[in-house]
Amino acid sequence: MKNIGIVRLFFVAALAGLLSACNSNPSHETACSPPSGHNLDQAMSAARFDLETGCEARFDDYLVRLLAIAEGDPGKENKAKFSDFLLWANEEGLLSKRQAREVYNRYFGIKYVSMIGEYSVCSAACPRQPDLMREMKEELSDKETGLLKVSGDRRSYQRAHQLYREAELVLEATCMACGPTR
């Protein structure tokens, strides 16, 4: 008899634990997982839903995952899909217009956002020439992802790569001409 009472008590405790687990909310972190799969349209739809419902702090993670999914099916139409996605992100308040434009240009434009704002080469760019070239090299890698792997736009990527090499030469020569006052 004692054993039956213990078994019943154990059963009731286990049942109560299961019921309370059913009523608990899943952790927010679990709900915010960037999409998977191979269909970019479905992944973008899932990302939009998550980013509208509390996962906005993980926008960059979602963007990186969407780019990886798009690499599985490269095409020029992917540029427009990412443009639309970034416009949507701006409309939702996830990015400012400037941020959305910079993200798009970083991946899909041939010009370098790393160089924007360098008005006086001698006083602004030359003192940080190594950092600036590192930033441009990282951006070239992002352009390889966006232009070549996601969009299949070899010509634009080659142009961006050429602009990188030209900027490197011009910056080096200009900084040498600026002399020791930099």
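Residues numbered from 1 in each chain as written. Predicted model: local features only at pLDDT ≥ 70, side-chain atom pairs only at ≥ 80, totals over all residues. Heavy atoms only, no water.

Participant: What is the right way to look at the environment of Phe 59 in this model?
Facilitator: In this fold, Phe 59 is placed in helix H4 (residues 59-71). Excluding residues within four positions of it along the chain, Phe 59 makes contact with Leu 51, Phe 85, Leu 86, Ala 89, Leu 94 and Leu 95. (Helix = DSSP H or I, 4+ residues; strand = E, 2+ residues; numbered from the N terminus. Contact = heavy atoms within 4.5 Å.)

Participant: So what exactly am I meant to see when it comes to the state of the cysteines here?
Facilitator: Linking two cysteines covalently through their sulfur atoms gives a disulfide. Applying the stated criterion across every chain, the model contains 3 disulfides. A sulfur-sulfur separation of 1.7 Å characterises the disulfide bridge that pairs Cys 122 with Cys 178. Handedness of the Cys 122-Cys 178 disulfide follows from its S-S torsion of about -75 degrees: it is left-handed. Of the two residues, Cys 122 is situated in helix H7 (residues 121-125) and Cys 178 in helix H9 (residues 154-178); the sequence distance between them amounts to 56 residues. Among the residues examined, Cys 122 registers a relative accessible area of 33% and is labelled partly exposed. For Cys 126, the disulfide goes to Cys 175, at an S-S distance of 2.0 Å. What sets the handedness of the Cys 126 and Cys 175 disulfide is the S-S torsion sign, and at about -95 degrees it is left-handed. Residue Cys 126 is located in the loop between H7 and helix H8 (129-150), and its partner Cys 175 is located in helix H9; the two are separated by 49 residues in the primary sequence. Accessibility assignment for this pair places Cys 126 and Cys 175 in one class, buried. Numbered in order of appearance, the disulfide-bonded cysteines of the protein chain are paired 1-2, 3-6, 4-5. (Disulfide = S-S within 2.5 Å. Buried < 20%, exposed > 50% of the residue type's maximum accessible area, 1.4 Å probe, protein only.)

Participant: Is there a simple way to think about the packing of helix H6 (residues 97-108) against H8 in this case?
Facilitator: The relative placement of two packed helices comes down to the angle between their axes together with the axis-to-axis distance. Where H6 meets H8, the axes come as close as 6 Å, and the angle between the chain directions of the two elements is 75 degrees. In this view, H6 runs roughly perpendicular relative to H8, as classed from their interaxial angle. Listed contacts from H8 to Asn 105, Arg 106, Tyr 107 and Phe 108 of H6 are Glu 135, Glu 138, Glu 139, Asp 142, Lys 143, Thr 145, Gly 146, Leu 147 and Val 150. When its residues are assigned to classes, the contact of H6 with H8 shows 4 nonpolar, 3 polar and 6 charged. (Axes fitted to C-alpha atoms, helices over the stretch in contact; angles between N-to-C directions. Parallel < 35°, antiparallel > 145°, perpendicular 65-115°, else oblique. Nonpolar A, V, L, I, M, F, W, Y, C, P; charged D, E, K, R; others polar.)

Participant: What's the story with the environment of Ser 141 in this structure? I'm lost.
Facilitator: Among the structural elements, Ser 141 can be located in helix H8. What makes Ser 141 partly exposed here is its relative accessible area of 38%. Each C-alpha atom, one on Ser 141 and one on Tyr 107, is 8.7 Å from the other, the two residues being 34 residues apart in sequence.

That is the geometry; function is a separate question.
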